[in-house]
Amino acid sequence: MPKLSDYTISKRWPPKNPEAIQLYSLGTPNGVKVSIMLEELGLNYDVHRISIHDGDQFTPEFLEISPNNKIPALIDPNGPDGQAIAIFESAAILIYLAEKTGQLLPTDPVERMNTLQWLMFQMGSVGPMFGQLGYFYRFAGSKIEDPRPRERYIAEARRILGVIDKQLEGKDWITGTYSIADIAIAPWITSVRKFYQAEDVLDYFSFKNVVAYVDRFEARPAVIRGWAQPPSV
């Protein structure tokens with residue numbers, strides 16, 4: 001039966017509490033999904049900062065639990081049947097934690113599928129398109145003279161905001177009830193302003209439902225705490 005100590009990452013980044021969930025992450029939109037989820041659920045966890053600038057994500061220890069060299073990754077020392085389990089991919093982690101605790105993912109088949117499809121919408125559309133927006137508008141790609149990549153991702157990000165805005169009409173949360181879909185989607189929208197400074201080019205404030213939605217999300221105590229994990233220093 002696998003144990004936490006069987007994973008070499010537990011030696012490179014030793015746990016403070018070996019019985020707690022071990023989170024290996026960074027304060028990115030994908031990373032904070034899991035820290036916010038853990039805070040919402042009130043689960044005990046140790047957080048370990050994986051510095052992408054220092055290349056931590058390429059170390060053999062990290063690749064053992066996250067073969068695609070992306071954060072976040074997680075080890076639950078008390079997983080199914082009491083054995084330790086390592087999980088990578090933020091959406092998979094959200095589903096795992098929701099099923100482990102019976103929270104933030106409906107059990108009704110129709111409501112569950114509705115939540116999962118919006119979670120997949122984040123993974124397939126919001127994250128990839130907003131990430132490219134950040135690269136071509138704010139970061140290294142902004143120096144590329146050809147305007148077409150930048151224009152493409154600005155237009156696509158604006159279109160996606162329109163989809164979310166329409167979905168939120170008359171609702172506080174994406175499916176009507178706060179869930180893992182919100183924990184996945186909202187941090188990426190926050191990043192439009194927090195990291196990419198793209199609110200003007202996207203006409204962000206014209207999406208009234210989105211603006212109110214993000215304000216509600218960012219006001220949650222667990223969200224505030226989750227954004228601070230792992231600490232920046």
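Residues numbered from 1 in each chain as written. Predicted model: local features only at pLDDT ≥ 70, side-chain atom pairs only at ≥ 80, totals over all residues. Heavy atoms only, no water.

A. Just the sheet that holds strand β2 (residues 45-49), in detail. Taken in spatial order, the four strands of this open sheet run β2-β1-β3-β4, and their pairing is mixed. Edge positions in the open sheet fall to β2 and β4 (85-88), since each of these has one partner strand only. Sheet twist, expressed as the mean angle between neighbouring strand axes with direction ignored, is 15°. With five bridges joining them, strand β1 (residues 21-25) and β2 adopt parallel strand pairing. (Pairing = 2+ DSSP bridges. Helix = DSSP H or I, 4+ residues; strand = E, 2+ residues; numbered from the N terminus. Axes fitted to C-alpha atoms, helices over the stretch in contact; angles between N-to-C directions.)

B. Structural view of a nonpolar patch on the surface. Together, Tyr135, Phe139 and Ile144 give the surface a local cluster of nonpolar side chains, amounting to about 270 Å² of exposed area. Inspection of the secondary structure puts Phe139 in the loop between α5 (109-138) and α6 (148-167). (Patch = residues over 30% accessible without salt bridge, like charges linked within 9 Å, V, L, I, M, F, W, Y side chains within 5 Å. Areas by Shrake-Rupley, 256 points an atom, 1.4 Å probe, with all protein chains shown as cover. Salt bridge = Lys/Arg side-chain N within 4 Å of Asp/Glu carboxyl O.)

C. Quick peek at helix α8 (residues 208-218). Of all the positions in α8, only Asn209, Val210, Val211, Tyr213, Val214 and Phe217 are classed as buried. Tucked inside the fold, the buried residues of α8 contact α2 (29-41), α6, α7 (180-194) and α9 (221-227). (Buried < 20%, exposed > 50% of the residue type's maximum accessible area, 1.4 Å probe, protein only. Contact = heavy atoms within 4.5 Å.)

D. Spatial organisation of α5. The terminal C-alpha atoms of α5 lie 41 Å apart, and with 30 residues this matches the ideal 44 Å at 1.5 Å per residue to within 8%. Gln122 marks where α5 bends most, by close to 35°. The N-cap residue of α5 is Asp108: its side-chain oxygen and the backbone nitrogen of Val110 are 3.2 Å apart. (Expected span 1.5 Å × (residues − 1). Bend = angle between axes of the 7 residues up to and from the residue. Polar contact = N/O pair within 3.5 Å; in protein donor to acceptor, adjacent residues only side chain to side chain.)

E. The packing of aromatic side chains, seen in detail. According to the stated counting rule, one finds nine aromatic pairs in the structure shown. Note on Tyr204 and Phe205: the rings are 5.1 Å apart at their centroids and 80° apart in plane angle, and the pair reads as edge-to-face. Residue Tyr204 is classed as buried on the basis of its relative accessible area, which comes to 3%. Ring pairing ties together the aromatic residues Trp173, Tyr178, Tyr213 and Phe217, which thus form one cluster. Directly above the aromatic system of Trp13 lies the positively charged group of Arg12, at a separation of 5.0 Å from the ring centroid. Here the basic side chain of Arg216 rests over the ring of Trp173, its NZ or CZ set 5.9 Å away from the ring centre. (Phe/Tyr/Trp six-rings, centres within 6.5 Å; stacked < 30°, edge-to-face > 60°. Lys NZ or Arg CZ within 6 Å of the ring centre and 35° of its normal.)

F. Local environment of the packing of helix α4 (residues 90-101) against α5. Running from amino to carboxyl end, α4 crosses α5 at an angle of 155°, the nearest separation of the two axes being 10 Å. The angle between α4 and α5 falls in the class roughly antiparallel. For the element pair α4 and α5, the recorded crossing hand is right-handed. Touching Ser90, Ala91, Leu94, Ile95 and Glu99 of α4 are Arg112, Leu116, Leu119, Met120 and Met123, all from α5. Class assignment of the residues belonging to the contact of α4 with α5 gives a composition of seven nonpolar, one polar and two charged. (Parallel < 35°, antiparallel > 145°, perpendicular 65-115°, else oblique. Left-handed = near helix turned anticlockwise from the far one by under 90°. Nonpolar A, V, L, I, M, F, W, Y, C, P; charged D, E, K, R; others polar.)

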